[in-house]
Amino acid sequence: GNGPGDVNGKIFVAAYPTKSFDLQFQYFAYPAPTVTLMTPSAGPLGGGNRVRVEILEPRGQETRQGAGITNFLDASLSSIGIAFNRTLTANVLSKDLIGLSVSIIFRPPASPNADDEFVPVTFTLNGAVIAMSSPVIYKYRGAFIDTVVPRDGLTTGGATVTVIVRDLGTINLNTIQNLQLTFNGIAQTIDFGASSVASAEQTILTATTTGGARGPVDVRVTFDRPGAASIALFAPALFTYILPPPMEIVTSSIRVPSRAAGQVWVATTASGGTEVTFDIKYLYVQAGQTLTVQFYVPYTTTNTYTGTVNSYRSTGNANDVRFAQTSVSVNAPATDPRTGFGHILVIVRTGSTENARAVTGGTSTQGPLEFRDIRVPLVAGAAPSEGSPIGGQIVMVGVTGYRTSGSFTARFASQSSDTSALGFMSVADWDAQNDAYETLKGSAGLDVFFSTLGSGTQAALDGVVAATKTQLEADASLTTANSYLVFFAVPAKSGVTAPTGETVTVKRVTSSSTFTIRYIPDPTTPAVLQSLVPASGSQSLIQTITLKITNFAIVVYPSDVTVTFGSRSVSAIVVSSTSANTQLAILTSVQTLPGVRTIVAYPTRNSNNSVSARYEYLDNRPPQVGPLAPDSVYAEGGYTVNAVLTNFGDAAIVPAQITISLLSNGVTTTTPALNVVYNFKAEVSLSFVTRAGVAGQTLVTFAYRKDATSPVKSVVTSLTYLAVPTGPATMTLNPTTGFTSGGQSILAQITNFKKVNGAADLVVMFGSVRLSSSSLTQVQSTTQSTLVSFTTPARTSGGTVSVQIYATGRQANAGTANYVYVDNNQAQLIYRTPTGGNAAERTEVGVGIRNLGAVVSSADAFIVSPTQVTIASIADSTAQTTNLFLNIPSSLVVLGRILTQQQSITVTIQLSGSAGTLKTVSFQYTYFPAGALWVDFSSPTRAYTDGGLTMEVQLENLPKTVQMSQVQIVFGDGGPVANATSLQIDASEGDVATATVTAIVPATENAAVVTPFVRVLGLGVTAPFQEAFTYQEPPFPVIQEIFPSRGDVDSLTAVSVTLGLFPAVTRLTDIVIFIGGVAAEVTSFSRLNPALDPRDVQGIRANIKAPCCSNGTVPGIVDTSAYHRFYEFRSVLKADSFTYFSSLLPNVVSVIADYNENRVKKSEQTLVRVVIQAVPLQVNGVEDVAITMDSGGTVLPALSLSITSAGVATIRFLAPTSNVDGAKVVRVQFLSNSAYTTTFEIFYYDVATPVITQLAPSSGNYLGGTQVSVTLANFPEISATSDVTARFGNTGAYFGDIKQVSSNNGVTVVVLLTPAYDVGSAGSALVPLQITPVAQVNLASTTQNFQFIRPEVVLASFSPTRGVYTGGTVINAIINNFPEGSTPGTVKVKFGNTLVAAQNVTVPLSTRASTQLRIVAPPGTISTTPVQVKIWNSASGEASALLASFQYFDDRAIQTVEPLP
């Protein structure tokens, strides 16, 4: 009752008050919920409107929801109450969860008051008032006129308006009386149809305006309601009357439909009239109105001519001319034959009364419509219409009406003599493109003009032809055959300092007509770039760029213009050139590197009149980001993450151009880019420091923008934020037992453990012994798990010790597990099967014991307890292994009672005469009540968190009536559930039987150890497993090999990609592979180890077709990535792993330098031989080859060149010295043509660095023992095997056994035997081998890869292959490379369709190399045909079974032991 805070307390015994101790207790208050939204927050006095409120209810431990107390999150709809002013109850309609909030919709009650007021809103749950974090207020308000739509209308009326009245409450428009809507006191006509509606929130009245005087309008709404007060609402100046605009002829809409665009003229002599169309704005022709269209031609005698209206169509709003338009079609009449321009006049009348008129312009000015007399000689058009004073420009003139024959001449007004035409043709010749057309185009003076014609000039010439044809329409005597296109060269004109028009008279004998050409002087100042389209483009594509330039000299031919593009000269096409602007077109080229190039263009005759532009070559591939390192960090922030991006920026990239944002739990933060480096592979590597966030997936966005005008390139990836582990970690040891002599290699896997940097950060306690950090042979720590390898210390006696591992200063986050020491002489239990049985019956149990140290032939050699348990038989015995069978009586015999619940007993077997417990083994045996359901065995006992493996469970006492759909396997309390996929029940007598169930192991979120149980639906019975089940975190896949690692961009290349640790693959579409960011077609796949279950993680070889033939595949080095379609987060990327080349362009086949590789020395020049295919056959010698390095910075002369007829060239050159290690790009270009360019890499090395030059062989058995010869250069001289070490892999203690060494003349040979190497489920592992001199560890060699391979599983022996039909024949089988640690529960054997019971299969030995089986054959059928025998491991599935054959015979008949002669 005192509120939150700390209080002191005391605990004591009343009789002894001094026997007490103090305690502290803390009271806290549950945080109050918060109303984050209420909309609307006001409403009508009558209530009934819909209101939505969002309530944020706190979550977590110290909240009402966390404590299970009534809260809004868990409350039912009926339990929620909302009160207004504490007494008025709202009608709650619905409740939903939206994100983290609760959304409630309700209707407020009516207010008892008639005036506006603010009232508090309270919330209750099950009748109890819930205090909110802040008051919630709602406003009741009276009705008001909200708005009128639209807000204005014409003074003529007729407009449809909508008046919105709010907060009237729910009314029925059909029952109200005397409803009036007035504008400035004038009643408006209300439409009571569907458009006038009413609801609790608003009432909408639709009306038609009556019109009125121009200006603002006051609006009133009044009406009476039966049984309620009258309503009178007023809103001033809520609407405005405006005057209608005068109608207007749209000059730009005038068209002559029979003419080409821009040909707006009519023939003066066309007696039938020429159709003219145009639009009139602000006109809607009403019923009873007519249109009159007149043509006003001021220079003619009559002046005004009336046209014939063909049609008109009004569109838009008939009641509001502001939104109306009328389109008119009229025939213009014949006029006075003179040529000139006139106007259009439109008059609208109702009867004889004129309503309105419009004209295209003043009657004394030149109008927009031309009237043309086409019977006389006319120039229809000329193009180009401008020229340079230097002359030489070609002009094409279209003429009609030249009825005389002869040649054409032209008199330019400034010239003293006529200029002869270069040629002419009829329009008919132009259309037909006949011999006359071709002859003229090829004639002297015109051939260059036509061959370099730009599209703009061509369009201008086509316009002249079209204009000429339009003049033929009104006179039948004019045809394309007697209308001509005449070509003149414009003469030079001196003294032109400003644009000057000049009249040109075109003559043919006595016929003549004129046109005007303008002389434009060359500008003396720099030109101005108006546009560059496009301003950027792909570096791998060739495209056309158009420059639009003003203040540029008029040019005609490509030779008139000089253009440079970067460092090269290019040809330009003159699209068009006028005084207004010049348009030039140039082509880009394929570029090796992206970046900006400068374009400079100027008239060849005047370099001062230049213009420059910047064009950017873009990498057209989308940016990509490789896996983040690390890919998961703790959510507390402050961790450095590294990233490598491709197609992201250029060599000039700086941190300021990069934005990195992190989106965690809906909150975005930014962090700066650090350590930004652009390398020769066009990769950008950078790092950033994480911000604090919330555990879960965090989206990381990398954005690059070169400058304010450049587009943003961005790419998104994910980073996992993890909660900092708290509480005890989970730790498993492998193995969990070992001998007291110590030296056992242990691998500890710890989860829920904060990542550490290395061994120095760890404390490892082995019982009371702390292991030194130097004894920790391997520490691999990630945010997901930490792996620690160490060897066990020696111990004087067997027993269990506690192993504890924790980070220094974080003992509360320690992982703890038990390790069992076994005395070196201690006997060990190999197996016992079954693990339990019917409490009411005797059960025979098979037992395997290792290390008894004696051969036992009699049951008397053992002491068994309980004493009621006896040895039934001894199957076989050696000093190493003994297999025997026990008889375990019913519980009545052993325990003295019939059990109703399961109970376990401990069975002990001791060798008679042995001291202590050294030759003693014990195990648990479980009695199950008679008829009770129980699990005999299950397999597998572990799986990855992805699930997917097939589990097999053997049940005892399952009712025969149970169907498969009733059986489920539950993986721990509250864990995932797997439904049975098959159910096989033995056909024995009785109501219950032995049954085998299979199911697919489901996925789960986290690694864990659980106890599964079988649940039978409908019976309500469960049966727990005898063994725990372990979920493990799955490994990430790796790309082991890509072969071949290069492909053609223009054709599909077959490529094999070997993937290790790849998720379960059951169909072809499971595998997704990208090369260079483009999806590859997967054509087939195979498993590296066919014996593995297809659903297990393993090695896969995928055959693909490398993508080609698209913009996404261009020559260069690209990345390869792969993932499983259903496990996309388990992906792998191998950078710079595939090379694209074009077989149509030069591409490198091989580069040979030192050690027959592309290695070159840093300290001296190195001879390099490069073989290139698809080289142009025009290449004649080294002078046609340019070799550069460092993006063109260093020129490398070719020493020699040889080329075959197939275009394969061999080039030799000297690589220069270098100050740095690593790769450099070399560029080879042929014939100075960038299209014939290829690149390759050379790798600089220090001659002082030892190098492995040969490895033979380069692969071997994963069990080790393969002899390998390693040849090295530059290695220190050695003489003994102890002088060097050979390490396989980057981590772990995998060292080869050095057998022989020699050093002669700078070449060292090391002969070694490989160690055993764990290849996991992939079947193989490709690991680096490094040779290190013990005395000079700083001179360790470079690495070469060696592949460890798991051989195929083979059935080495199976004997005997015959046996009696009654069963019982003991068969011995040896399998090489079978799963290590196989047990009778995991080994499956079938004779035909008969599955051998687990108790009839024993496993005396199971190592990585060999597994021995003893199988008791079941009964069979006598036949001369053997039955097929299948043997498999349950984790791999029956599909991977090994096959043998066994023949049943009748032992009662005489058998032929050997074939007769």
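Here the structure is a predicted model, which is why all the values come from computation and not from measurement.

As for the overall build of the protein chain
Summing up its helical and strand segments, the protein chain has 5 helices and 121 strands in all. In terms of overall dimensions, the protein chain is more spread out than a globule: its C-alpha atoms have a radius of gyration of 48 Å, far above the 35 Å expected for 1461 residues. With the C-alpha coordinates aligned to their principal axes, the bounding extent of the protein chain is approximately 150 × 110 × 80 Å. Residues classed as buried in the protein chain amount to 45% of the 1461 residues present. A separation threshold of at least 6 residues defines the contact pool for the protein chain, and within that pool the share at least 24 residues apart is 64%. If you sum the accessible surface of the protein chain, you get close to 67,600 Å²; carbon and sulfur atoms cover 51% of it. In the protein chain, which carries 84 positive and 91 negative side-chain charges, the distance between the mean positions of the two groups comes to 3 Å.

So, the environment of Leu422
Its place among the elements puts Leu422 in the loop between β37 (419–420) and β38 (423–426). Once the C-alpha coordinates of Leu422 and Thr409 are considered, the two residues, 13 residues apart in sequence, prove to be 9.2 Å apart. Once residues lying within four places of it in the same chain are set aside, the contact partners of Leu422 are Ile394, Leu440, Gly445, Leu446, Phe487, Phe488 and Ala489.

Remarks on the sheet that holds strand β25 (residues 274–281)
In space, the 4 strands of this open sheet follow the order β23-β25-β29-β28, with antiparallel pairing throughout. The open sheet has two edge strands with one neighbour each: β23 (248–255) and β28 (308–316). Within the sheet, the average angular offset between the axes of one strand and its neighbour, ignoring direction, is 25°. In this structure, β28 lies alongside strand β29 (residues 324–332), joined through 8 bridges in antiparallel fashion. Of the residues in β29, the one forming a bridge with Ser311 is Ser329.

Considering the side chain of Thr1369
Tracing the sequence through the fold places Thr1369 in the loop between β114 (1362–1364) and β115 (1370–1376). Its relative accessible area of 16% is what places Thr1369 among the buried residues. The contact partners of Thr1369, leaving out residues within four places of it in the chain, are Pro1360, Arg1362, Gly1363, Val1364, Ile1415, Val1416, Ala1417 and Phe1446.

Quick look at the state of the cysteines
Following the criterion strictly, the structure yields 1 disulfide and no others. The disulfide partner of Cys1108 is Cys1109, and the gap between their sulfur atoms is 2.3 Å. In this structure, the disulfide formed by Cys1108 and Cys1109 twists by about -75° around the S-S bond and is classed as left-handed.

Overview of the packing of aromatic side chains
On inspection of all chains with the given rule, the structure shows 41 aromatic pairs. Taking 4.4 Å as the distance between ring centres and 10° as the angle between the ring planes, the aromatic pair formed by Phe928 and Trp934 counts as stacked. Ring centres of Phe1213 and Phe1240 lie 6.3 Å apart, and the angle between their planes is 50°; on these two criteria the pair is classed as tilted. Taken as a pair, Phe1213 in strand β102 (residues 1209–1215) and Phe1240 in strand β104 (residues 1237–1245) lie far apart in primary sequence, 27 residues in all.

Topic: the sheet that holds strand β91 (residues 1078–1079)
The strand order across the open sheet formed by 5 strands is β88-β95-β94-β90-β91, and the pairing between neighbours is mixed. Each of the sheet's edge strands pairs with one partner strand only, and the pair in question is β88 (1046–1048) and β91.

Digging into the pattern of salt bridges
Throughout the structure, instances matching the rule amount to 19 salt bridges. Here Arg322 and Asp320 are joined by a salt bridge, their closest N and O atoms 2.7 Å apart. A residue is classified by how much of its surface remains accessible, and Asp320, at 6% relative accessible area, is buried. Measuring nitrogen to oxygen at the nearest pair gives 2.8 Å for the salt bridge that ties Lys1161 to Asp1154. For the pair Lys1161 and Asp1154, one class covers both residues: buried.

Some words on a nonpolar patch on the surface
A surface patch of nonpolar side chains, amounting to about 490 Å² of accessible area, comprises Ile11, Phe21, Leu23, Phe25 and Tyr27. The greatest single-element share of the nonpolar patch, amounting to 4 residues, is contributed by strand β2 (residues 16–27). Within the secondary structure, Tyr27 is located in strand β2. In this structure Tyr27 comes out as partly exposed when scored by relative accessible area, which is 45%.

Some points on unusual backbone geometry
Keep in mind that most residues, glycine aside, have a negative phi and that most peptide bonds are trans. Cis geometry is adopted by the peptide bond preceding Pro40, which originates at Thr39 and carries an omega value of -10°. Position of Pro40 among the secondary structure elements: in the loop between β3 (34–39) and β4 (42–44). Phi is positive for Asn551, which is not a glycine, with a value near 55°. Relative to the elements of secondary structure, Asn551 occurs in the loop between β44 (544–550) and β45 (561–565). Positioned with a positive phi, Asn957 is a non-glycine residue whose angle comes to about 65°. Mapped onto the fold, Asn957 is located in strand β79 (residues 950–959).

What to know about the nonpolar core
Core analysis: the largest hydrophobic core is formed by 26 residues, its most contacted members being Phe72, Ile82, Phe84, Ile104, Phe106 and Phe123. Excluding residues that lie within four positions of it along the chain, Phe84 makes contacts with Ala90, Phe106, Pro108, Pro109, Val119, Pro120, Val121, Tyr138 and Tyr140.

A few points about helix α4 (residues 455–470)
Taking 1.5 Å as the rise per residue, α4 with 16 residues should run 22 Å; its terminal C-alpha atoms sit 23 Å apart, in good agreement. Buried within α4 we find Thr457, Leu461, Val464, Val465, Ala467, Thr468 and Thr470.

Some remarks on the pairing of strand β32 (residues 369–372)
In β32, alternate side chains face the same way, and those of Leu369 and Phe371 on one face and Glu370 and Arg372 on the other are all buried. Looking at chain direction, strand β30 (residues 340–350) and β32 are connected through 3 bridges and run antiparallel. Counted as the bridge partner of Gly342 is Leu369 from β32.

Concerning the environment of Gly896
Topologically, Gly896 is positioned in the loop between α5 (891–894) and β75 (903–911). Considered as a pair, Gly896 and Gln458 are 438 residues apart in the sequence and their alpha carbons are 114 Å apart.

Points about the confidence of the model for the protein chain
Across the protein chain, the average pLDDT comes to 86, with 95% of residues at or above 70. Mean pLDDT per element in the protein chain: strand β19 (residues 197–198) is the minimum at 74, and strand β80 (residues 967–971) is the maximum at 96.

Some remarks on the environment of Pro1176
Within the element layout of this structure, Pro1176 appears in the loop between β98 (1166–1173) and β99 (1185–1189). Placed 26 residues apart in sequence, Pro1176 and Ser1150 show a C-alpha to C-alpha distance of 18 Å.

Definitions and limits used
- Residues numbered from 1 in each chain as written.
- Predicted model: local features only at pLDDT ≥ 70, side-chain atom pairs only at ≥ 80, totals over all residues.
- Heavy atoms only, no water.
- Helix = DSSP H or I, 4+ residues; strand = E, 2+ residues; numbered from the N terminus.
- Rg over C-alpha atoms; globule rule 2.2 N^0.38 Å.
- Buried < 20%, exposed > 50% of the residue type's maximum accessible area, 1.4 Å probe, protein only.
- Contact = heavy atoms within 4.5 Å.
- Areas by Shrake-Rupley, 256 points an atom, 1.4 Å probe, with all protein chains shown as cover.
- Lys, Arg positive; Asp, Glu negative; His and termini not counted.
- Charge placed at Lys NZ, Arg CZ, Asp CG, Glu CD.
- Pairing = 2+ DSSP bridges.
- Axes fitted to C-alpha atoms, helices over the stretch in contact; angles between N-to-C directions.
- Disulfide = S-S within 2.5 Å.
- Phe/Tyr/Trp six-rings, centres within 6.5 Å; stacked < 30°, edge-to-face > 60°.
- Salt bridge = Lys/Arg side-chain N within 4 Å of Asp/Glu carboxyl O.
- Patch = residues over 30% accessible without salt bridge, like charges linked within 9 Å, V, L, I, M, F, W, Y side chains within 5 Å.
- Core = buried A, V, L, I, M, F, W, Y, C linked by side-chain atoms within 4.5 Å.
- Expected span 1.5 Å × (residues − 1).
- pLDDT = per-residue confidence, 0-100.

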